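Summary of structural features
The lines below spell out each chain.
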Amino acid sequence: MSTSTTTSGQLRVAIVGAGIAGLAAAAFLRRRPQYSVTVYERRPVGFKESSAAFGLRSNGISIAKQLGITKEETRAVVSAGYRTYNTREELMSKSTLEDTSSTRHGAMWFQFRQDFKDVLFSRVTAKDGVGEPIKVLYDSHIVRVDAVAGLVWFADGGFDEVDLIIGADGIHSKVRTAVIPPSHPAPVPCGLSVFRFLVPMDVIVDAIGPDEPWPAMYNYDEGAYVAIIAAGDEGNRNVVMYPCRGHELMNCAVAVPDSSLQASVGLEYSWNAKGSREELLSQLQDFPAWLLRVFSRVPPQVELFQMRDQEPLPTYVKGRAVLIGDAAHPVVPYQGQGANQALEDVEGLDMLLADAVTRGDVHRRLQVWDSIRRPRASEIQRGSRVSQSKISTREASQAILAVKPYESMKDTLARLQSRQEVTGTEA
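Bear in mind the structure is a predicted one, so any value in this text is a computation, not a measurement. (Residues numbered from 1 in each chain as written. Predicted model: local features only at pLDDT ≥ 70, side-chain atom pairs only at ≥ 80, totals over all residues. Heavy atoms only, no water.)

Right, let's talk about the overall build of the protein for a bit. Regarding its fold elements, the protein presents 12 helices and 19 strands. By residue count, 56% of the 427 residues in the protein fall in the buried class. Considering only residue pairs separated by 6 or more positions, the protein has 76% of its internal contacts joining residues 24 or more positions apart. (Helix = DSSP H or I, 4+ residues; strand = E, 2+ residues; numbered from the N terminus. Buried < 20%, exposed > 50% of the residue type's maximum accessible area, 1.4 Å probe, protein only. Contact = heavy atoms within 4.5 Å.)

Turning next to the sheet that holds strand β10 (residues 159-161). The three strands are arranged β8-β9-β10 in an open sheet whose pairing can be described as antiparallel. Each edge of the sheet is formed by a strand with only one pairing partner; in this case those strands are β8 (142-146) and β10. Taking the axes of each pair of neighbouring strands and ignoring which way they run, one obtains an average angle of 15° across the sheet. The sheet contact formed by strand β9 (residues 151-154) and β10 spans three bridges and is antiparallel. Residue tryptophan 153 lies in a different strand from β10, and its bridge partner there is phenylalanine 159. (Pairing = 2+ DSSP bridges. Axes fitted to C-alpha atoms, helices over the stretch in contact; angles between N-to-C directions.)

The next thing to look at is the environment of alanine 21. By the element assignment, alanine 21 lies in helix α1 (residues 20-29). Here alanine 21 falls in the buried class, since its relative accessible area comes to 11%. If sequence neighbours within four positions are ignored, alanine 21 has contacts with Ala168, Ile324, Gly325, Ala342 and Val346.

So, on to α1. Three- or four-residue spacings in an α-helix give side chains the same orientation, since the helix completes a turn every 3.6 residues. When you tally the buried positions in α1, you get 10 out of 10 residues, the bulk of the element. Listing the buried residues of α1 in full gives Ile20, Ala21, Gly22, Leu23, Ala24, Ala25, Ala26, Ala27, Phe28 and Leu29.

The six strands are arranged β7-β2-β1-β11-β19-β18 in an open sheet whose pairing can be described as mixed. Either end of the sheet is taken by a strand with one partner, and the two such strands are β7 (135-137) and β18 (317-318). Packed onto the sheet, α1 meets β1 (11-16), β2 (35-40), β7 and β11 (164-167) and runs at close to 160° relative to β1.

Applying the stated criterion across every chain yields a total of seven aromatic pairs. Measuring from ring centre to ring centre gives 5.7 Å for phenylalanine 54 and phenylalanine 116, while their planes differ by 85°; the resulting arrangement is edge-to-face. Separated by 62 residues along the polypeptide, phenylalanine 54 in strand β3 (residues 53-57) and phenylalanine 116 in helix α4 (residues 113-125) bring together distant segments of the chain. In terms of burial, phenylalanine 54 and phenylalanine 116 fall into one category: buried. Following the ring pairs from residue to residue traces out a cluster consisting of Trp214, Tyr218 and Trp290. The side chain of arginine 144 reaches across the aromatic face of tryptophan 153, ending 3.8 Å from its centre. (Phe/Tyr/Trp six-rings, centres within 6.5 Å; stacked < 30°, edge-to-face > 60°. Lys NZ or Arg CZ within 6 Å of the ring centre and 35° of its normal.)

A separate point is the environment of alanine 178. If you trace the backbone, alanine 178 turns up in helix α5 (residues 174-179). Assessed through its relative accessible area of 13%, alanine 178 is described here as buried. Along the backbone, alanine 178 and valine 322 are 144 residues apart, and their C-alpha atoms lie at a distance of 10.0 Å. For alanine 178, the residues in contact, after removing those within four places along its chain, are Val145, Ala147 and Lys318.

Turning to the pairing of strand β4 (residues 77-86), a few remarks are in order. With nine of 10 residues buried, β4 lies mostly within the body of the structure. Bridge count between β4 and strand β6 (residues 108-112): two bridges; the pairing is antiparallel. Note that in β6 the partner of valine 78 across the bridge is tryptophan 109. Two strands pair when backbone bridges link them, and β4 and strand β13 (residues 224-230) are joined in this way by seven bridges, in the parallel orientation.

Here the focus is the packing of α1 against α4. When two helices pack together, you describe them by how their axes are tilted relative to each other and by the distance separating the axes. Two elements in contact, α1 and α4, have axes separated by 8 Å at closest approach and are oriented at 25°. The angle between α1 and α4 places the two elements in the roughly parallel class. Here α1 runs over α4; the crossing is left-handed. Where α1 approaches α4, its residues Ile20, Leu23, Ala24, Ala26 and Ala27 are matched on the opposing element by Arg113, Phe116, Lys117, Leu120, Phe121, Arg123 and Val124. (Parallel < 35°, antiparallel > 145°, perpendicular 65-115°, else oblique. Left-handed = near helix turned anticlockwise from the far one by under 90°.)

Applying the stated criterion across every chain yields a total of zero disulfides. As a non-bridged cysteine, cysteine 252 has cysteine 244 as the owner of its nearest cysteine sulfur, 9.0 Å distant. Owing to a relative accessible area of 0%, cysteine 252 belongs among the buried residues under this scheme. (Disulfide = S-S within 2.5 Å.)

Within the span of helix α2 (residues 58-66), buried status applies to Asn59, Gly60, Ile61, Ile63 and Ala64. Of the residues trailing α2, glycine 68 is marked for its positive phi of about 75°.

A word on the confidence of the model for the protein. Averaged over all residues, the pLDDT of the protein is 88; the fraction at 70 or higher stands at 88%. Note that residues 1-5 has pLDDT below 50 and, in this model, 17 contacts with residues that lie over four places away or in other chains. (pLDDT = per-residue confidence, 0-100.)

This paragraph deals with the pattern of salt bridges. Pairing between side chains of opposite charge can happen when their charged atoms approach one another. This structure, assessed with the given rule, holds 22 salt bridges. Measuring nitrogen to oxygen at the nearest pair gives 3.3 Å for the salt bridge that ties aspartate 163 to arginine 12. Placement of aspartate 163 in the loop between β10 and β11 and of arginine 12 in strand β1 is noted, with a sequence separation of 151 residues between them. When its relative accessible area of 17% is taken as the criterion, arginine 12 is described as buried. Within the structure, one salt-bridge network assembled from shared partners comprises Glu344, Asp345, Arg373 and Arg376. (Salt bridge = Lys/Arg side-chain N within 4 Å of Asp/Glu carboxyl O.)

Structural data, given as structure tokens:
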């Protein structure tokens, strides 16, 4: 790889990472003709996400719609809300989501991760999209970044010089090391590890059996609710389940204390680390018998990753570099905001960079973006910690939903401008 060349006058953008954050950033910037964008992904072409789904909340849905993404295209299931049970299957809390949008497309979508990524990828690379298709270069191993000069070095000895570096390379971000001083605390384990897997709905039906009553938490007559079964013990064990892919699959996440696992010393924060079915089942012996029958049908090896948390960063920007998604604000999943916050990052960047035309415009606009995005994302990081601590209580559903309404970057800037005009001071 060598120094980038572009059409005269275009600003060069390197997006590091082709996950949801990176692909969403590319999809938005593709519509801006002043940018020449390349996405670099360290994983090989054809790599598929592990068996995981996520909840796309109203903030994320509104941003996805700006790219023309629909729930039908992504095969999402519309969520009705959250229900929490104890291990005796007694309902402890229930919160119903209200769709207040004018389009009535739902307040949350249960979304299979790879399906959403595939749709984003098509927005980035399809020939019939708005703007020129963007290249996604796989097996791109970045070893160093100079945030001030806009330089990205690769393991093969090559480099690119760009006007903007968007670090969307996750919790192990290489770009973050160029933005944040090494004295800032690294992400640390939060005490829980999560088994993640999918179970086909026909397997669930067969495992429960025709002679057993159908579990109330799988009853979707009133809508598809997230089902949370909480042990209520000191280790904070819990099971989270919801349907995805048009009700074809059940997404399952089982959180257990790190200390209870046989290989607790070698746990990883990786979507691709593995745990055993036997150990999964051994953690849930006091949970409903039908649930154990269902989970006994999963493969012998399932994904197991150690959840990690990070103190909010002092900045997301330096020079020509900006951090988004998990590279900026990794969050425990107990408010369902990881992907949604990545999309908020991207919506804000797109708005602020929409009319940037010179290399000198970049840093000032990134600073404005940082001043608005970082306080909100940091607040959600802290709120997700609180929600994790309440997952076994009757306040669980309310804690999950305790996220302030989303305000677009355009509306935020207008509000701040209005305040400045009224007070005669800078917002």
